[in-house]
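Coordinate inspection notes
One-letter residues, chain by chain:
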2 protein chains.
Amino acid sequence: MARVALDVMGTDRGPSEIVAGAIMAAQAGHELVLVGDQEVIGPELAKAGSDLEIVHAPDVVEMGDDPGRAVRDKPDSSIMVGARLVASGQADSLVSAGSTGAVMTAGSIIIGRIEGIQRPAIATPIPRPTGIPTLILDAGANLEVKPDHLVRFAVMGSLVAEIVYGMDCPRVGLLNIGTESSKGREVERTAYTLLQEAPVKFVGNVEGGDIPGDVVDVVVTDGFTGNVVLKSMEGTAGLVLTLAGEAFSRRLPDHSREVVQAIEEVRMTIDPDLCAGGAHLLGTRAGVVIGHGSSSRHAVFNAVQLATEGVKGGLIERMERGLARS
Amino acid sequence: MARVALDVMGTDRGPSEIVAGAIMAAQAGHELVLVGDQEVIGPELAKAGSDLEIVHAPDVVEMGDDPGRAVRDKPDSSIMVGARLVASGQADSLVSAGSTGAVMTAGSIIIGRIEGIQRPAIATPIPRPTGIPTLILDAGANLEVKPDHLVRFAVMGSLVAEIVYGMDCPRVGLLNIGTESSKGREVERTAYTLLQEAPVKFVGNVEGGDIPGDVVDVVVTDGFTGNVVLKSMEGTAGLVLTLAGEAFSRRLPDHSREVVQAIEEVRMTIDPDLCAGGAHLLGTRAGVVIGHGSSSRHAVFNAVQLATEGVKGGLIERMERGLARS
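It should be emphasised that the depicted structure is a prediction, and the values quoted were computed from it without experimental measurement.

**Observations regarding the interface of chain A and chain B**
Contacts between the two partners involve 45 residues from chain A and, on the opposite side, 45 residues from chain B. Where chain A meets chain B, there are six salt bridges. Across the pair B:Lys231 and A:Glu207 runs a salt bridge, and its minimum N-O distance is 2.3 Å. Listing elements by their share of the side of chain A that touches chain B, those giving two or more residues are helix 8 (223-251) and helix 9 (256-270) of chain A. Among the elements that take part in the side of chain A that touches chain B, helix 8 of chain A stands out by supplying 20 residues, more than any other. Considering only residue class, the side of chain A that touches chain B consists of 24 nonpolar, 12 polar and nine charged.

**Remarks on empty space enclosed by the protein**
Residue and element names in this part refer to chain B. Taken as a whole and assessed by the stated rule, the structure comprises three cavities of 30 Å³ or more. The space that makes up the largest cavity amounts to roughly 60 Å³. In terms of lining residues, the largest cavity is bounded by Leu 6, Asp 7, Ile 18, Val 95, Ser 96, Ala 97, Gly 277, Gly 291, Ser 295, Ala 299, Val 300 and Ala 303. Where the lining of the largest cavity is concerned, the elements lending two or more residues are strand 1 (3-7), strand 4 (93-96) and helix 11 (297-312). Residue composition of the lining of the largest cavity, grouped by class: seven nonpolar, four polar and one charged. The space that makes up the second largest cavity amounts to roughly 50 Å³.

**Some thoughts on the sheet that holds strand 7 (residues 171-175) of chain B**
Residues and elements named next belong to chain B. Taken in spatial order, the 11 strands line up as 3-2-1-4-11-10-5-6-9-7-8 in an open sheet, and their pairing is mixed. Since the sheet does not close on itself, it has two edges, and those belong to strand 3 (53-56) and strand 8 (201-206), each with one partner. With direction set aside, neighbouring strand axes in the sheet form an average angle of 25 degrees. In the sheet, strand 7 pairs with strand 8 via four bridges, with the strands oriented parallel. Counted as the bridge partner of Leu 175 is Val 206 from strand 8.

Calculation criteria
- Residues numbered from 1 in each chain as written.
- Chains lettered and ligands numbered in written order.
- Predicted model: local features only at pLDDT ≥ 70, side-chain atom pairs only at ≥ 80, totals over all residues.
- Heavy atoms only, no water.
- Contact = heavy atoms within 4.5 Å.
- Salt bridge = Lys/Arg side-chain N within 4 Å of Asp/Glu carboxyl O.
- Helix = DSSP H or I, 4+ residues; strand = E, 2+ residues; numbered from the N terminus.
- Nonpolar A, V, L, I, M, F, W, Y, C, P; charged D, E, K, R; others polar.
- 1 Å grid on protein atoms, 1.4 Å probe; cavity = no way out; pocket = protein on both sides within 12 Å on 5 of 7 lines; lining within 4 Å.
- Points joined across faces, edges and corners; volume = space filled by probe spheres on them.
- Pairing = 2+ DSSP bridges.
- Axes fitted to C-alpha atoms, helices over the stretch in contact; angles between N-to-C directions.

Okay, structure coming up:
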């Protein structure tokens, strides 16, 4: 069984939204323990008639807190208490939509890293029309990387793609400014050679436009590029959808219901919340799933599911073996 | 008057499309000289009854050619002949939709660089719903940059935004993974401080999602990030538009004409070809505008217009003064 420690605190929509997601997940058969302020969570659970277990954590890491300092100065925060539950084996995986930096730091320090990993990486799923996302890593944990980091990202990303997202033999691409092996910076040129020897299905360099397409399943890059690309894509998708809605409404004013439905359908296809709800932090010695700060109950539900899939599929054990081989 | 040397060769759609764009531009009053194979261009012009001037260039840089080698080994290529026309003052600006690498190299070596510029940068316009694009630079010429390069990008980008795109006091942002000044790599943190002192309207760090929005007009970043982001945005926009078209068609099968029109309207709003048709190469001692290889006649027309605006607005002179001050 997979037991998930769910951090209830420190998100934009407040604890009640996270608790609502937790109740959905429990109803679907997931095993959970809620971490956070008992005074806040208790009444929420009572309202819903739920008897989910609470582990009290009186303190909260706020979004504005410095992550490193928060981890040191707020040992009783929900993130830290949750991380200790996982480190001690009382839970198998941590899910948090709180401060990304603090979750990364707590994961790295309290839960610990797999041998050979200096800093874990974030594998963010990007929705595709097929329903199976492209994973991009690193999405922001390691702003600068060395070629062998990119190889580790490829190995870890392939495993999470297989085990958590059910992909068969995922195609790994190196994000670059062109497809030829000579393209890119020194780090990409060296990584290209190393990736050809790595135990993954390396399909070569891919360009920005390939990310939402069907030529690659796992895209490896440094965390600066990954983060900027993800946010650019989100912004562009939102803008184009708004423009499309306006263009249709103007032409078909008598069909506003259909226009709203069609826009909603596309939004649901490309909404990261509904696709996965969170991103795996890869390279820690137990599962960690990071949600974004404005996670809805659906996102929380999906994030718990992601974490559970990872535990049930033996993600960590297989990653330790995979990294030792590469 | 602004006289544009237009490279007719080496593009995906062939010389006839470029000539068609040239004729449109000439009809609108632009002064042009066509550079390329006389045997090919002559008949095209004759067919259209045009007497535009041709400067013969028997050779072509192919898309697959190594740019540096092509510039050395193909001195009679249209790109090189065009660059020499500009260098010798017989034309004021070069427009080419041929090999980007070869145009960059020819611009840098034959036309020459403004003092203090080691390598020119590409300022690519990204369409916005307002009709005024965001400029991103560098879009691929300098894969790695130093903080003071980013300051020069800011100065050059601001001037082209004012002179060519008619923006008043353009807002300059540094592309980063968060808005706080402490965010990013060493290069961004140092550039942030330098940009606060630079003679531009610096609005601080911007994130990927801000690029198509209305908080920034000129986005500076290294050429690796810029290139990957641009292509990611293009890919995402195309995908979302396709999904929207499908969703509407399924719901409103009796309104296929309106659906096609609405999609076409959005496509025209966000199509870079119709927005600008090309990107200024900034830092050369005379105007250079780079079109993409699949440029349509409309893109060629707009690229010639861009080049003309630059010459008429005294872009190069103002850039030399601006860079000397910064």
